[in-house]
Amino acid sequence: MVEVPDALSTLFSARVETDGDKYIVEIPKSEVSHGAISPGETYRVGLLSQVDAGSSTTAQPQTPTQDAEPERADTGVPQPPVDEGEIRNVTIESLGDQGDGIAKVERGYVVIVPDGEPGDSPTVEIETVQENVAFASVVDNDGHTV
């Protein structure tokens, strides 16, 4: 089994295509629209080969298993990787349009942290969880809201 770091922004399956003297891996539009990645940014890319045990080495799209990414029973949409009331350490990566800190956790899921600055690594309490974003407040070492 491959060890996947918490810093993983996104995971998807794609073919390597030939384009003249270079090769291209297309990123699905959904990865950008969900905020997992942003155009114009630089990312570290890792490739995992997918070998069909039957015969060929052709990459086949993988369907996530229930263990790998729990889904909501009613919609089939992956559940957010955080829960209301959860305390966790995050790293503020950027500022949002309103000036709040933006942290990303598993699968590029966004956590909004008021008054956060890029590079800060606060301990936060998750207050509100939505399908694609959570809102948190900074807590001190005793678990109290600052």
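Residues numbered from 1 in each chain as written. Predicted model: local features only at pLDDT ≥ 70, side-chain atom pairs only at ≥ 80, totals over all residues. Heavy atoms only, no water.

**Remarks on the pattern of salt bridges**
Counted only if it meets this: Within this document, salt bridges are pairs made up of a side-chain nitrogen of Lys or Arg and a carboxyl oxygen of Asp or Glu, the two lying within 4 Å of each other. Categorising residues by exposure relies on relative accessible area from a 1.4 Å probe, with only protein chains included: less than 20% of the type maximum marks a residue as buried, more than 50% marks it as exposed, and the intermediate range marks it as partly exposed.
Under the criterion given, the structure shown has 2 salt bridges. One salt bridge in this structure joins Arg88 and Glu86, with 3.2 Å as the shortest N-O distance. A relative accessible area of 18% places Arg88 in the buried class. With a relative accessible area of 23%, Glu86 lands in the partly exposed category. One connected set of salt bridges, linked through shared partners, spans Glu86, Arg88 and Glu106.

**Description of the nonpolar core**
Operational definition: Residues belong to a common nonpolar core when they are buried Ala, Val, Leu, Ile, Met, Phe, Trp, Tyr or Cys residues joined through side-chain atoms within 4.5 Å. Secondary structure follows DSSP: runs of H or I at least 4 residues long count as helices, runs of E at least 2 residues long count as strands, and numbering of each begins at the N terminus. Whether two residues are in contact is decided by their heavy atoms, any of which lying within 4.5 Å being enough.
If you look at the biggest cluster of nonpolar residues, it comprises 12 residues: Val82, Val90, Ile92, Ala103, Val105, Tyr109, Val111, Val113, Val124, Ile126, Ala134 and Ala136. Put simply, the parts of the chain that give this core at least two residues each are β6 (110-113), β7 (123-129) and β8 (133-138). Each residue touching Tyr109, except ones within four places of it in the same chain, is listed here: Pro80, Pro81, Val82, Ala103, Lys104, Val129, Gln130, Glu131, Asn132, Val133 and Ala134.

**Some words on the confidence of the model for the protein chain**
Definition in use: Known as pLDDT, the predictor's confidence for each residue is given on a scale from 0 to 100.
Per-residue confidence for the protein chain gives a mean pLDDT of 76, with 69% of residues at or over 70. Predicted confidence is poor over residues 51-69, with pLDDT under 50, and the contacts of this stretch with residues over four places away or in other chains come to 16 contacts.

**With respect to the pairing of strand β5 (residues 101-104)**
Selection rule: We call two strands paired when DSSP finds no fewer than two bridges between them.
By the bridge criterion, 3 bridges tie strand β4 (residues 92-95) to β5 in an arrangement that is antiparallel. By the bridge assignment, Leu95 is partnered in β5 with Gly101. Hairpin geometry of β4 and β5 is characterised by an intervening segment of 5 residues between the two adjacent antiparallel strands and by a positive phi of about 90° at Gly99. Pairing analysis gives 4 bridges linking β5 to β6, with the strands arranged antiparallel. Its bridge partner being in β6, Ala103 is matched across the sheet by Val111. The hairpin turn running from β5 into β6, its antiparallel successor, is 5 residues long, and Arg107 in that turn takes a positive phi close to 60°.

**Focus on the sheet that holds β6**
As a reminder of what qualifies: Only the stretch in contact is used when a helix axis is fitted, and all axes are lines through C-alpha atoms; the angle between N-to-C directions ranges over 0 to 180 degrees.
Taken in spatial order, the 6 strands of this open sheet run β3-β7-β8-β6-β5-β4, and their pairing is mixed. Looking at which strands have only one partner, the edges of the open sheet turn out to be β3 (87-89) and β4. Direction aside, the axes of adjacent strands within the sheet are offset by 40° on average.

**Some remarks on a nonpolar patch on the surface**
The criterion, for reference: Within the patch definition used here, like charges are joined within 9 Å and nonpolar side chains (Val, Leu, Ile, Met, Phe, Trp, Tyr) within 5 Å, considering only residues with over 30% relative accessible area and no salt bridge. Using a 1.4 Å probe, accessible areas were evaluated by the Shrake-Rupley method; residue-level cover was limited to the displayed protein chains.
Together, Val16, Tyr23, Val25, Tyr43, Val45 and Leu47 line one region of the surface with nonpolar side chains, adding up to about 660 Å² of accessible area. Secondary-structure assignment places Tyr23 in strand β2 (residues 22-25). In this structure Tyr23 comes out as exposed when scored by relative accessible area, which is 61%.

**Re the environment of Ser13**
Note on placement: Ser13 falls in the segment before β1 (16-19). Considered as a pair, Ser13 and Val25 are 12 residues apart in the sequence and their alpha carbons are 9.5 Å apart.

**So, the side chain of Arg88**
Using the following cut-off: N or O atoms closer than or at 3.5 Å make up a polar contact, with two conditions inside protein: a donor-capable atom paired with an acceptor-capable one, and, for residues adjacent in sequence, both atoms drawn from side chains.
By the element assignment, Arg88 lies in strand β3. Of note is the side chain of Arg88, whose polar atom sits 3.1 Å from the side chain of Glu106. Once residues lying within four places of it in the same chain are set aside, the contact partners of Arg88 are Pro81, Val82, Val105, Glu106, Pro122, Thr123 and Val124.

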